[in-house]
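# Structure at a glance
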Amino acid sequence: MLKSVLTAIVALATLAPAFSQSGSSPKDGLNLYRVEASAGIYTSKDVYSSFQFNNDVVWGSNSNPAFFISANFFKSKRIELGVGFGYQHAYLENDILFNDFGFGPGPIEPVRMAVDYYTLMPQVRLNWFQSTDGMFELYSGAGFALTLVSEQYSNNEGETFYPIPGIYVTGMGVRFGKKVGGFMEIGAGSKGFMSGGISYRL
């Protein structure tokens, strides 16, 4: 799955220029304005994994980064609206206790566990500063997510699926570059406390 996510990120960055309109920037309204691919660490899913599942590892050390691809398709002055799709994998290296009735006392069997998080997140972005040459941006944003959780146990070939809500707030984001650029964000939630990636702005 991780290989597929990385392939999608590379493809998104490669194909993004095909959406541009004769090399000119789109006007305000409904259109494709930017596409981004990012990876983030210390996410809210790390917190969820630590509290929901019995483990004693350090926060964030039992998971891969959260990978996101996103596209903004509506713009009005400094505000952009879009949607993102994210994937994160978490796992328990230490054994957890499991019996026929769930977790708890009883005949126990050491079980290892893996969890996949698939997130769909509508998002809003406020571009509160942009240099006159378009090479530098400062922004904030927020997103409200729905995450599908997939649990897999080593003693069972089946999977358990259920949804949970999510949120992401970008306290501050910094972007360098005109059309193709890089960005870094400090925030909290589904994308992580620290995230960064590549961006194509049409």
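Quick notes on the rules
Within every chain, residues take consecutive numbers counted from 1 along the sequence as written. Per-residue local features of the predicted model are confined to residues with pLDDT of at least 70, and side-chain atom pairs are confined, for both listing and counting, to 80 or more; whole-chain, interface and lining totals are unaffected and use all residues. For side-chain calculations, the full set of non-hydrogen atoms in the structure is used, while hydrogens and water are omitted. Throughout this description, the term nonpolar core refers to a set of buried Ala, Val, Leu, Ile, Met, Phe, Trp, Tyr and Cys residues connected via side-chain atoms within 4.5 Å. With a 1.4 Å probe rolled over the protein chains alone, any residue whose accessible area is under 20% of its type maximum counts as buried; one over 50% counts as exposed, and the rest are partly exposed. Here a helix means four or more residues in a row that DSSP labels H or I, a strand means two or more in a row labelled E, and each is numbered from the N terminus. The quantity called pLDDT is the predictor's confidence in a given residue, expressed from 0 to 100. Note on contacts: a residue pair qualifies if any of its non-hydrogen atoms lie within 4.5 Å across the two residues.

This part is about the nonpolar core. Ala90, Leu92, Met113, Val115, Tyr117, Val149, Tyr153, Tyr162 and Ile164 together form the largest nonpolar core, which totals nine residues. When contributions to this core are tallied by element, the ones reaching two or more residues are β3 (79–98), β4 (109–130), β5 (136–153) and β6 (159–176). The greatest single-element share of this core, amounting to three residues, is contributed by β4. Judged by nonpolar contacts, the second largest core, of five residues, contains Ala66, Phe68, Ala145 and Tyr168.

Time to look at the confidence of the model for the chain. Of all residues in the chain, 69% have pLDDT values of 70 or greater, and the mean over the chain is 80. Within the chain, no element has a lower average pLDDT than helix α1 (residues 2–15), which sits at 53, and none a higher one than strand β7 (residues 180–189), at 95. Confidence over residues 19–24 falls short of pLDDT 50; this stretch has seven contacts with residues more than four positions distant or in other chains.

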